[in-house]
Amino acid sequence: MSSEIAPPAAGQQAAPHVPAGDAGPRPPLWHRALRWETGLVVVLVAALVFGSSESATFASQTTLFYAGINIGYIAIMALPMTLIVVTGEIDLSVASMLGLSGAVLGDLWHHGWSIWPAVLVALAVGAVGGSLNGLLVTKLGLPSIAVTIGTLTLFRGVAEILLGSQTIPTASDRPFPSWLTNIGVVPVSGTELSYTTVIFIGLAVVCGVALHATPLGRAMFAAGLQSEAARFAGIRVARMKFWLYVFSGIICAFAGILLAAQNSSVSYNAGFGLELNVVAIVLLGGVSIFGGRGTILGVVLSVAIVGSLQMALTQMNIDPNVQQIVIGGLLLISVVLPGLSRGARWLGTRPGSLRSGHKPPWALSVRHRL
Amino acid sequence: MKRINNPGIRTARRQLAVVLVALLITGLAGSALAACSSSSSSSSSSSTGTTGGSSASPTSTGIKKGLVVYFIPKDTQNPYEVLADQGGAKALGELGGKVVVSSGTVDTAAAQIPSIQAAIQAHANAIVIAGNDPKALCPSLNQAASAGIKILAFDSDVNCGSAPNHLFINQADTQTIGTSEVDILAKEINKTGQIAILSAAASATNQNSWIVYMKQELTKYPNMHLVKIVYGNDDPATSLTVLLGLLSAYPNLRGIISPTTVGIQAAAQYLNTHKSLLSKIVLTGLGLPSQMKPYVLDGTVKEFELWNPSNLGYLAGYAAAALASGTTSLATGATFKAGSLGSFTVLAPSGATGPSVVLGPPTVFTAANVAQFNF
């Protein structure tokens, strides 16, 4: 419940069928404007201003293209992750699935398959891997963090068995078709956007509509807020989570194919460790790790912030460890700040609660205020 | 905030969150922003390296002033490549140019791509890269080449064919490195027994080409059996983990070759604290004299080898400057001067290796000479 610096009424907006919110009067406009996304916009603008002032080459279309190349395929994986986290689960196997899909594509290509059948099989492997996660989480009721840490190593292991130390195409293989590998070097015609950026935007619109404007999306929020209540309200929580894992598997496999095309090659360690970047982007985007809160807009803004900060810091020759500290710091702030604001809001909106024995959500701030 | 009525669910979620945040923080500290990358800039002309005096006149050879060369190592922490980068900075310092060192914190191609992009945007004159992957960097390097940047590889070659054409600064003849390590081990274990290789990343070009020649050389020793190649990813902890797996899977192991400075140090450290293993297992490979000195002096490791990484970077720096100034080319037989190291000739492409220059044969370090080297 860390997503929005918003009054309790915002909870209603997210999940109106869940009888969880105070049906108080509508808060003032300034209060409603104080959303998590507003904060992200401020940080993004600050990052852009900072980049432009510190690096002569930052404010250029090339930077936009390069940022898309560097973060696009990671950002794509953040979208299904957002939906999964909203339902209160997590998928840590995303980057390994990316690697496995690339490995399958490369192995088939190495054995003389043509590109389309190889791509289809790689996507199918994504669906199978995703349904494995989904089955273990929903049918066996295992915790998703444990299941997906397991499949994280499983998928990467299979990828390593398939390719070993080879980078495909090897010297004796055909190169990947150039129309495919061009997505790593040529922007979408008429723009300076990388193909991965355009695909990310398209997918973000689809996910945004699904999450915020359909009964399915409401069901996701409901499942994340109160799984049992959602189930009693007639939502097939398990089935929905299962299909979300399948969706995540397919999208991550797709990201693996995009990365293979961008790099003109695959090796088993593609995307190693990126699951943490994906989770970081989603949490910075204001999606609550407890489930039930979050917006696609926040995640899109978070992608833009991480992407532009990375470009700016790289162009400025900042040590990469410092870059990690910056991003890590942002992430911590994104976890702590909503707690602070909840504490303040709780004081502001429920003046009598302290005496009635309700524990404040952020106890320290309350004690401080007392 | 609304109270969740079921305290069980709430506690479970809390625990989940705590675990996850802990995971994230660990990850971010260690490796999270793999795509993040960057650098430190240096334009030193100090004589801290081991390459001898800076007596070469920077003006005599038609080398342009103010050249900017991006050195992109596998990652920014690898001590071996830090020395090579310093050698490069020394070379460019002598020539009135500048070296920018830029890379990521993890050994992946994706972590190096932003550095290549930064070099393009900074209009660098040359890029000297140690490839984490033979192919995945090619599209970006080709973009850099189209922007007029000269491409060189050192330590670990990239395999891009003609897109882009590049010069490989070879630390030593690839074949000699592979065969000599097997010969050293054969001598020490009496040409008999199970052996294993502790390598870096499974996709590292240099490691794999040495291993090819090791396997070839092993056919000369019918009683030596290569039972396993394990990959420590140039990370001490990972190297130790795979080493322990190796030792438990093959209790009769007689020898380990670790052709990476990180791997051999991790293995030496472990053997040093487990004397019972030390009597059975012989360790050799490529190591830094400064790191390996205690283990050689106390007998944990008898012999290992390496070339001078500082000289390698120094040679790469001079080659980059000569290419960027147009005073040499990738044509077979083209020559250039490399300061205190003398003159070098571009060799013809052979096999997967394109045009290259070779620094020289590796030095074998033993208890007798290890103290004389300070890198």
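Everything numeric in this text was worked out from a predicted model, so none of it was measured. (Residues numbered from 1 in each chain as written. Chains lettered and ligands numbered in written order. Predicted model: local features only at pLDDT ≥ 70, side-chain atom pairs only at ≥ 80, totals over all residues. Heavy atoms only, no water.)

### Thoughts on the environment of Val278(A)
Residues and elements named next belong to chain A. In plain terms, the rule: Elements are defined by DSSP. Helices are runs of H or I of four residues or more, strands are runs of E of two residues or more, and each kind is numbered from the N terminus. Throughout, a residue-residue contact means that at least one pair of heavy atoms, one from each residue, lies within 4.5 Å.
You can see Val-278 is positioned in helix α13 (residues 274-284). Taking the C-alpha atoms as reference points, Val-278 and Met-77, 201 residues apart in sequence, are found 6.7 Å from one another. Not counting chain neighbours up to four residues away, the residues in contact with Val-278 comprise Ile-74, Met-77, Ala-78, Met-81 and Val-94.

### Some words on empty space enclosed by the protein
What counts is decided by this rule: In the cavity and pocket records, a cavity denotes points on a 1 Å grid over the protein atoms alone where a 1.4 Å probe fits but cannot get out, a pocket denotes an open set with protein on both sides within 12 Å along at least 5 of 7 lines, and lining residues are residues with an atom within 4 Å of a point. Grid points are joined across faces, edges and corners, and a volume is the space filled by probe spheres set on the points. The classification used treats Ala, Val, Leu, Ile, Met, Phe, Trp, Tyr, Cys and Pro as nonpolar, Asp, Glu, Lys and Arg as charged, and all other residues, Gly among them, as polar.
Counted under the stated rule, the structure contains nine cavities of 30 Å³ or more. Forming the walls of the largest cavity are 23 residues, and the residues nearest its centre are Asn263(A), Ser267(A), Asn269(A), Ala270(A) and Gly271(A). If you list the elements that add at least two residues to the lining of the largest cavity, you get α5 (94-110) and α12 (237-263) of chain A together with α3 (109-121) of chain B. Taken together, the residues that form the lining of the largest cavity break down as eleven nonpolar, eleven polar and one charged. Approximately 130 Å³ is the volume attributed to the second largest cavity. What lines the second largest cavity is a set of 15 residues, and nearest its centre among them are Tyr80(B), Asp155(B), Pro259(B), Thr260(B) and Thr261(B). Listing elements by their share of the lining of the second largest cavity, those giving two or more residues are α2 (79-94) and α6 (205-218) of chain B. Counting residues per element, the lining of the second largest cavity draws most heavily on α6(B), at three residues.

### Description of the sheet that holds strand β7 (residues 193-199) of chain B
Sheets are built from strands that pair by backbone hydrogen bonding, the pairs being arranged parallel or antiparallel. Residues and elements named next belong to chain B. Rule in force here: Pairs of strands are assigned from DSSP output, requiring at least two bridges between the strands. Only the stretch in contact is used when a helix axis is fitted, and all axes are lines through C-alpha atoms; the angle between N-to-C directions ranges over 0 to 180 degrees.
The sheet built from four strands is open, its strands ordered β8-β7-β9-β10 with parallel pairing. The strands lining the two open edges of the sheet, one partner per strand, are β8 (224-231) and β10 (282-285). Ignoring which end each strand starts from, the neighbouring axes of this sheet average 20° apart. Here four bridges tie β7 to strand β9 (residues 253-258), and the two strands are oriented parallel to one another. Note that in β9 the partner of Ile-197 across the bridge is Ile-257. On the sheet, helix α5 (residues 174-188) packs against β7, β8, β9 and β10 and is oriented at approximately 160° with respect to β10. Along the sheet face, helix α8 (residues 261-273) touches β7, β9 and β10 and points at about 160° away from the line of β10.

### Let's talk about the pairing of strand β6 (residues 167-170) of chain B
In regular strands, side chains alternate between the two faces of the sheet. Residues and elements named next belong to chain B. For clarity, the cut-off: Throughout this description, buried means an accessible area under 20% of the type-specific maximum (1.4 Å probe, protein chains only), exposed means over 50%, and partly exposed covers the range between.
Going residue by residue along β6, you find Leu-167 and Ile-169 tucked away on one face and Phe-168 and Asn-170 tucked away on the opposite face as well. Across three bridges, the pairing between strand β5 (residues 150-154) and β6 is parallel. Within β6, the residue paired with Leu-152 across the bridge is Leu-167. The pairing of β6 with strand β14 (residues 356-358) spans three bridges and is classified as parallel. When the bridges of β14 are listed, Ile-169 appears paired with Val-357.

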